Amino acid sequence: MPNLEVNSKEIKFSRKSLLNLYLYRKVKGNTNYQKLLKDITEEECLNLGFLKNESNAIVIPNKRTFNYFVSRNKKEIAEIDKLAEKILELATNNSIVLDIEIVTKTINDHKQKI
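The rules we used
- Residues numbered from 1 in each chain as written.
- Predicted model: local features only at pLDDT ≥ 70, side-chain atom pairs only at ≥ 80, totals over all residues.
- Heavy atoms only, no water.
- Salt bridge = Lys/Arg side-chain N within 4 Å of Asp/Glu carboxyl O.
- Helix = DSSP H or I, 4+ residues; strand = E, 2+ residues; numbered from the N terminus.
- Buried < 20%, exposed > 50% of the residue type's maximum accessible area, 1.4 Å probe, protein only.
- Phe/Tyr/Trp six-rings, centres within 6.5 Å; stacked < 30°, edge-to-face > 60°.

Tallied over the full model, the rule gives six salt bridges. We note a salt bridge from Asp81 to Lys26, for which the minimum N-O separation is 3.6 Å. A residue pair is termed long-range when its members are at least 10 positions apart, and Asp81 in helix α5 (residues 74–93) and Lys26 in helix α1 (residues 15–28) qualify at 55 residues. In this structure Asp81 comes out as partly exposed when scored by relative accessible area, which is 27%.

The next point concerns the packing of aromatic side chains. On inspection of all chains with the given rule, the structure shows three aromatic pairs. Measuring from centroid to centroid gives 5.3 Å for Tyr33 and Phe66, while their planes differ by 25 degrees, and the two rings are stacked. Separated by 33 residues along the polypeptide, Tyr33 in helix α2 (residues 33–39) and Phe66 in helix α4 (residues 63–72) bring together distant segments of the chain. Here Phe66 falls in the buried class, since its relative accessible area comes to 1%. Three or more aromatic residues joined by ring pairs make a cluster, and in this case those are Tyr22, Tyr33 and Phe66.

Of note, Asn56 is a non-glycine position whose phi angle comes to about 70 degrees, a positive value. Position of Asn56 relative to the elements: it lies in the loop between α3 (42–48) and β2 (58–60). With relative accessibility at 46%, the residue Asn56 sits in the partly exposed group.

Following this line, the structure appears as structure tokens:
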């Protein structure tokens, strides 16, 4: 688990990093924010655009801040949902496994339909 500091009081997060986090979350199929915080790596956080603080901990938004951002940016979120769907579709069509949890969920959903 990376050295994360969940914070929203003193730091304003860039719009790009929050949109990247939303897309990351959709593509990974992660619906639980706390699980996301546990599973995400330091390198992934930095790639998403989050920065380190003075104590060298990566600072990412808390759940409330993230959800507030999502609720206030419906238009962009709808576009990112389409983008995530397209990414997953292309990965599926080209037999690329992005995340084992998504594959397991898809298989289970398919089995339930049959």
